[in-house]
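# Results of the structural survey
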Amino acid sequence: MGKKTIHVSDFSGTVLRPDDEVVRVVVLEHPDLVAGPVQLDATAAEVESIDDATLDVAVVEIHDHHGGGEPRRVVLTASEFDAMATDVPMAQLLKTAERVRPPKARKGAEKPDYGTIEHAGKPHRGRVTEEEARLVREQLDEVNKRLADAGLRQVDPADPEHALRYGLPAAAPDSSVPPTAS
């Protein structure tokens, strides 16, 4: 038995033929959008009038006590926003207004502090600090339980690499295993 996939326009439900120009429309903001951006498929003909429907809008952030410390984002028509400037025309006001610098982008996630019980013993490439080694030695059971719960490898005192890395006492050789002949 074979399967056949039929693609349809999300806007009209019409079948998209292989020779149709399929346009992807990403919805970034909409009052009914609750879980972030979504994408819709349509034909080029279905979205060709979208540019004609474009509104001149102003998107502003209001920083006041109503947002609980977070700015409120408001979208309004450009003409409504322009009418708010009564002393100087909005175009002139925008040219002379103080520039806002965007917040500096962080260069990645903050590095974990392996010198805390939360991160001690986790595999990492950096050197082990004395604080991390001390935590692993003194709280090995707790560290291993946390590592196991997170699905990470546990610190094994019998592993020479782990013993050296964390300053664990060297494991005594297992006397129940006879030595092998050379």
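Notes on the structure in this doc start here. As the structure is a prediction and not an experimental result, all values here were calculated from the model.

### Digging into the overall build of the protein
- Within the protein one finds six helices and four strands.
- Here the protein, with 182 residues, has 18% of them falling under the buried criterion.
- Accessible surface for the protein amounts to roughly 15200 Å². Of this, 55% is attributable to carbon and sulfur atoms.

### Brief notes about the side chain of glutamate 132
- Tracing the chain through its elements places glutamate 132 in helix 4 (residues 130–138).
- Despite its burial, glutamate 132 remains without a salt bridge, the nearest opposite charge being carried by arginine 165 at 5.7 Å.
- There is a polar contact of 3.0 Å between the side chain of glutamate 132 and the side chain of histidine 124.
- Those residues in contact with glutamate 132 that sit more than four places away from it in its chain are Tyr114, Gly115, His119, Ala120, Gly121, Lys122, His124 and Tyr166.

### Quick look at the environment of histidine 7
- Mapped onto the fold, histidine 7 is located in the segment before strand 1 (22–27).
- Measuring from C-alpha to C-alpha, the distance between histidine 7 and valine 22 comes to 9.8 Å, with 15 residues separating the pair along the chain.

### Focus on the nonpolar core
- Ranked by size, the top nonpolar core spans 12 residues in total: Ala120, Val128, Ala133, Leu135, Val136, Leu140, Val143, Leu147, Val155, Ala163, Tyr166 and Leu168.
- At the level of secondary structure, the elements contributing two or more residues to this core comprise helix 4, helix 5 (140–149) and helix 6 (160–166).
- Among residues more than four places away in sequence, those in contact with valine 143 are Ile117, Ala120, Gly121, Leu135, Val136 and Val155.

### Observations regarding helix 5
- What helix 5 keeps buried is the set Leu140, Val143, Asn144 and Leu147. Seen along its axis, helix 5 keeps its buried residues to an arc of 95 degrees; they face one direction. Of the exposed residues in helix 5, those oriented more than 90 degrees away from the buried face are Asp141, Lys145 and Asp149.
- In this structure, the buried residues of helix 5 make contact with helix 4.

### Points about the pattern of salt bridges
- Applying the stated rule across the entire model yields eight salt bridges.
- The shortest N-O distance in the salt bridge between arginine 73 and glutamate 29 comes to 3.0 Å. Taken together, the residues arginine 73 in strand 4 (residues 72–77) and glutamate 29 in the loop between strand 1 and strand 2 (38–43) connect sequence positions 44 residues apart.
- Glutamate 130 is the partner of arginine 137 in a salt bridge, and the nearest nitrogen-oxygen pair spans 2.8 Å.
- Residue glutamate 130 is classed as exposed on the basis of its relative accessible area of 55%.

### Focus on the environment of threonine 116
- Here threonine 116 lies in the loop between helix 3 (90–96) and helix 4.
- Linking threonine 116 and glutamate 131, residues 15 residues apart in sequence, is a C-alpha distance of 7.9 Å.

### Some thoughts on the side chain of threonine 43
- When you line up the elements, threonine 43 lands in strand 2.
- Those residues in contact with threonine 43 that lie beyond four places of it in its chain are Leu16, Asp20, Glu21 and Val23.

Criteria and thresholds
- The numbers attached to residues start from 1 for each chain and follow its sequence in the written order.
- Given that the model is predicted, a residue must reach a pLDDT of at least 70 before its local features are reported, and side-chain atom pairs must reach 80 or more before they are shown or counted; all residues, however, enter totals for whole chains, interfaces and linings.
- Heavy atoms throughout the structure, all of them, feed into the side-chain values; hydrogens and water do not.
- Working definition: helices are DSSP H or I runs of at least four residues, strands are E runs of at least two. Numbering for both runs from the N terminus.
- When accessible area is computed with a 1.4 Å probe and restricted to protein chains, residues below 20% of their type maximum are described as buried, those above 50% as exposed, and intermediate ones as partly exposed.
- Residue-level accessible areas treat just the shown protein chains as cover; the underlying method is Shrake-Rupley with a 1.4 Å probe.
- We treat Lys and Arg as the positive residues and Asp and Glu as the negative residues; His and chain ends play no part in the count.
- Between Lys or Arg on one side and Asp or Glu on the other, a salt bridge is scored when a side-chain nitrogen of the former is within 4 Å of a carboxyl oxygen of the latter.
- Between N or O atoms, a polar contact is any pair within 3.5 Å; within protein, one atom must be a potential hydrogen donor and the other a potential acceptor, and residues adjacent in sequence are included only when both atoms are from side chains.
- Any two residues whose heavy atoms approach within 4.5 Å at even a single point are treated as in contact.
- In this description, a nonpolar core means a group of buried Ala, Val, Leu, Ile, Met, Phe, Trp, Tyr and Cys residues linked to one another through side-chain atoms lying within 4.5 Å.
- What the arc measures is the spread of directions leading from the helix axis to the C-beta atoms.

None of this, on its own, says anything about what the molecule does.
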